[in-house]
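Spelled out, the chains give:
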Amino acid sequence: MSLLTNVMDHSLDDGYAEAAARKKAEGGGGLPRTLSAKLGLAAGLVLAALVVTVGAAQARIAAPVVAKERQELIDRIDRETKAADELEGTVDELRDDVGARQREALRNDGGDSRAELVGILSGASEVHGPGVKLVVNDAKEATTGGNGDPRETSGFSDTGRVRDRDMQRVVNGLWESGAEAISINGQRLTALSAIRAAGDAILVDNRPLVPPYTVLAVGDGKRLSTKFQNSADGLYLNALQENYGIRTAISTESDLRLPAAPSVIVRTAQPISEKGTS
């Protein structure tokens, strides 16, 4: 019991007790004792309180200004977005008007079969006939990649998404297999069409498309289907399906209807006159 009694009576170690007593005797502990020290401490506290008060006041004054500027920026974005949408609508209307005028000019060009053929091959005329319907879709477990193309660079996991180069090969393979007219998701392709990528989106003539991608190709249906599937591009599409989970489905159709291209603008090419060909 003597050890327990000693611990209870001397809860503070003797060394700590001696240090505390020495510091107290030297006047080094507690609040400052001189008037100047007390005034300095008071001035410091007042200055700290003033800084905090001024900061809070400035923040309170600036808050409405920041909120107003933010709202003005949001309103400006909304106005510009609305103006851009209106301009895009105007462009679509003008493009449709130009396309209609081009098709009308082809129909009025003597009514010969050559004018009709030019309209079909250039995409300026609506067409229908037998052909192939090819649907290409992302893999079920597709994810968005953080870099360009994981199929092109080793060391990155594949995202299972259809890329612009995949659609380029599909379209080129169909042309090579004998397709006479092609559209993707209702967008008619011409000799001037471009299939590009913007982030994860595929653009056809600068118009974004969303999966699944439905490709319609007018031609000899059975022959076109067989020739495409046996071609290098058809085998490439099959490899995407087996290795990356890309979903595809191809079928022959008795009657496909493809719209005309919005507009076909030629700036450089000039026709050769019949007199000059003799």
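In this report, the structure presented in the accompanying data block is examined. Computed from a predicted model, the values in this text were never measured in an experiment.

1. Some details on the packing of helix 5 (residues 164-176) against helix 6 (residues 221-230)
Item 1. Contact geometry for helix 5 and helix 6: axes closest at 9 Å, N-to-C directions at 130°. Relative to helix 6, the element helix 5 lies oblique. As for how helix 5 packs across helix 6, the hand of that crossing is right-handed. In contact with V170, G173, L174 and E176 of helix 5, helix 6 contributes L224, K227 and F228.

2. Focus: the pattern of salt bridges
Item 1. Applying the stated rule across the entire model yields two salt bridges.
Item 2. In this structure, D255 and R257 form a salt bridge, with 3.9 Å as the shortest nitrogen-oxygen distance.
Item 3. Here D255 falls in the partly exposed class, since its relative accessible area comes to 39%.

3. A look at the nonpolar core
Item 1. The biggest cluster of nonpolar side chains holds 25 residues, and the ones touching the most others in it are M167, L174, I182 and I184.
Item 2. Elements represented by at least two residues in this core include exactly strand 1 (127-137), helix 5, strand 2 (181-184), strand 5 (201-204), strand 7 (213-218), helix 6 and helix 7 (232-244).
Item 3. Among the elements that take part in this core, helix 5 stands out by supplying four residues, more than any other.
Item 4. Within the second largest apolar cluster, six residues are counted, among which are V127, L216, V218 and L258.

4. Considering a nonpolar patch on the surface
Item 1. Residues L47, L50, V51 and V54 make up a contiguous nonpolar surface patch of roughly 370 Å² in combined accessible area.
Item 2. The topology assignment puts V54 in helix 3 (residues 35-107).

5. Quick look at the sheet that holds strand 7
Item 1. Pairing is antiparallel across the open sheet formed by five strands, whose spatial order is 3-2-7-1-8. If you trace the sheet from one side to the other, it starts and ends with strand 3 (187-188) and strand 8 (247-258), each paired once.
Item 2. Relative to strand 8, helix 6 is tilted by about 150°, and along the sheet it contacts strand 1, strand 7 and strand 8.

Thresholds applied
- Residues numbered from 1 in each chain as written.
- Predicted model: local features only at pLDDT ≥ 70, side-chain atom pairs only at ≥ 80, totals over all residues.
- Heavy atoms only, no water.
- Axes fitted to C-alpha atoms, helices over the stretch in contact; angles between N-to-C directions.
- Helix = DSSP H or I, 4+ residues; strand = E, 2+ residues; numbered from the N terminus.
- Parallel < 35°, antiparallel > 145°, perpendicular 65-115°, else oblique.
- Left-handed = near helix turned anticlockwise from the far one by under 90°.
- Contact = heavy atoms within 4.5 Å.
- Salt bridge = Lys/Arg side-chain N within 4 Å of Asp/Glu carboxyl O.
- Buried < 20%, exposed > 50% of the residue type's maximum accessible area, 1.4 Å probe, protein only.
- Core = buried A, V, L, I, M, F, W, Y, C linked by side-chain atoms within 4.5 Å.
- Patch = residues over 30% accessible without salt bridge, like charges linked within 9 Å, V, L, I, M, F, W, Y side chains within 5 Å.
- Areas by Shrake-Rupley, 256 points an atom, 1.4 Å probe, with all protein chains shown as cover.
- Pairing = 2+ DSSP bridges.

Remember that the coordinates give geometry; whether it matters functionally is a separate question.
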